[in-house]
Amino acid sequence: MRTEIRVNGIDHAVDVDTRTSLLDFLREQLDLKGSKKGCDHGQCGACTVLVNGVRINACLSLAVMHDGDHVTTIEGLASGEALHPLQQAFLTEDAFQCGYCTPGQICSAVGLMAEIAAGQPSEATADLNAKVVLTDAEIRERMSGNLCRCSAYPQILAAVRRAAGAAA
């Protein structure tokens, strides 16, 4: 099926098998290897990308469903040589060990920041009528779909806090 997808600011008009996941499309057809295939069941978050600014598990979504959408992968977050604030924060806080989950963690954290900026509450939001505050509980709740088998969670938490402080 002919599909037009903008990935990391570049338009792609390609023929895609209707059974191809967005993750496989990104990795196999566009050679963007940053998004990882972890569980292939949407349980680990290693494949997290942003679609129209909203984070999704690319392994659970068909590429043809995103005709006309804007997809951002880990490769599209930096601006030339300048890293995205979350990428820099992950480096500064040493928020990775093996690095396998890191692209999904960073893309998820970018989505988390957008949710907070939009005032979208989570299960951890204490007051639904007040401005959402980025507490450790908020970060943990919103990042709960991203697993790190190396257990770098304290550093990931610190990286998100650091980037949030830089954004403020």
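Residues numbered from 1 in each chain as written. Predicted model: local features only at pLDDT ≥ 70, side-chain atom pairs only at ≥ 80, totals over all residues. Heavy atoms only, no water.

(A) How the structure looks around helix 3 (residues 102-117). In a regular helix each residue adds 1.5 Å, so 16 residues correspond to 22 Å; helix 3 covers 22 Å between its end C-alpha atoms and thus fits that length. Burial analysis of helix 3 places 14 of its 16 residues in the buried class, which makes it a mostly covered element. (Helix = DSSP H or I, 4+ residues; strand = E, 2+ residues; numbered from the N terminus. Expected span 1.5 Å × (residues − 1). Buried < 20%, exposed > 50% of the residue type's maximum accessible area, 1.4 Å probe, protein only.)

(B) Region of the structure containing the nonpolar core. Ranked by internal contacts, the top residues of the largest apolar core, which has 26 residues, are Leu77, Leu86, Phe90, Leu112 and Ile156. Those elements giving two or more residues to this core turn out to be helix 2 (85-92), helix 3 and helix 5 (153-167). If we ignore the near neighbours within four places in the chain, the residues touching leucine 86 are Ile106, Ala109, Val110, Met113, Ala159, Val160 and Ala163. (Core = buried A, V, L, I, M, F, W, Y, C linked by side-chain atoms within 4.5 Å. Contact = heavy atoms within 4.5 Å.)

(C) Seen up close, the environment of aspartate 40. Within the secondary structure, aspartate 40 sits in the loop between helix 1 (22-29) and strand 3 (48-51). When the C-alpha atoms of aspartate 40 and threonine 3 are compared, they prove to be 22 Å apart, with 37 residues separating the residues in sequence.

(D) Inspection of the side chain of serine 61 at higher detail. Tracing the backbone shows serine 61 in the loop between strand 4 (54-57) and strand 5 (70-72). Of the polar contacts made by the side chain of serine 61, one reaches the side chain of histidine 66; its length is 2.4 Å. When near neighbours in sequence (up to four residues on either side) are disregarded, serine 61 contacts Thr20, Ser21, Leu22, Ile56 and His66. (Polar contact = N/O pair within 3.5 Å; in protein donor to acceptor, adjacent residues only side chain to side chain.)

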